[in-house]
Amino acid sequence: MSRKHNALHSRPARVMELYGKDLRWERAEPHLRLTDETIARLTHEGYTMALVRVGLWRTRRVSLIRQSQRLS
């Protein structure tokens, strides 16, 4: 039987780094999860991308702009 993979929407992913304000990657605050409220706050603060942890050893870059447009 194959193992189920966690999708990005099944559990809020943990944000590791953020990109946007100074056009460079910055460390995110500890224990920050990628929820709808967090996406709205981060885009309002000027961030455009987030590096999120989606598994034990896997990360993914997520466009906060696209995610905020999806919410609208």
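Data block above holds the structure.
Below is a short write-up of the structure. Everything quoted here is computed from the prediction, not taken from an experiment. (Residues numbered from 1 in each chain as written. Predicted model: local features only at pLDDT ≥ 70, side-chain atom pairs only at ≥ 80, totals over all residues. Heavy atoms only, no water.)

**A word on helix H1 (residues 36-45)**
Applied cut-off: Burial classes follow relative accessibility: with a 1.4 Å probe on protein chains only, a residue under 20% of its type's maximum area counts as buried, one over 50% as exposed, and anything between as partly exposed. Counting from the N terminus, the helices are DSSP H or I runs at least four residues long and the strands are E runs at least two residues long. Arc definition: it is the arc formed by the directions from the helix axis to the C-beta atoms. In what follows, residue pairs with any heavy atoms lying within 4.5 Å of each other are defined as contacts.
Here H1 has its buried residues at Thr38, Ile39 and Leu42. Along H1, the residues classed as buried sweep out an arc of 100 degrees about the axis, all on the same side. Turned more than 90 degrees from where H1 packs its buried face, Glu37 and His44 sit exposed. Check the buried side of H1 and you find it contacts strand S1 (14-19) and helix H2 (64-71). Where H1 ends, the next residue or the one after it, Gly46, has phi of about 105 degrees, a positive value.

**Let's talk about the pattern of salt bridges**
In plain terms, the rule: In what follows, salt bridge is the name for a side-chain nitrogen of Lys or Arg lying within 4 Å of a carboxyl oxygen of Asp or Glu.
By the definition in use, this model includes three salt bridges. Note that Arg41 is salt-bridged to Glu29, the shortest N-O span being 3.7 Å. Here Glu29 lies in the loop between strand S2 (25-27) and H1 and Arg41 lies in helix H1, a separation of twelve residues in the sequence. Owing to a relative accessible area of 31%, Arg41 belongs among the partly exposed residues under this scheme. Salt-bridge contacts for Glu45 lead to Arg41; the nearest nitrogen and oxygen are separated by 3.2 Å. Residue Glu45 and its partner Arg41 are both found in helix H1; the two are separated by four residues, about one turn of the helix. Ionic contacts of the salt-bridge type, sharing partners, join the residues Glu29, Arg41 and Glu45 into one network.

So far we have only geometry, and geometry alone does not tell us how the molecule works.
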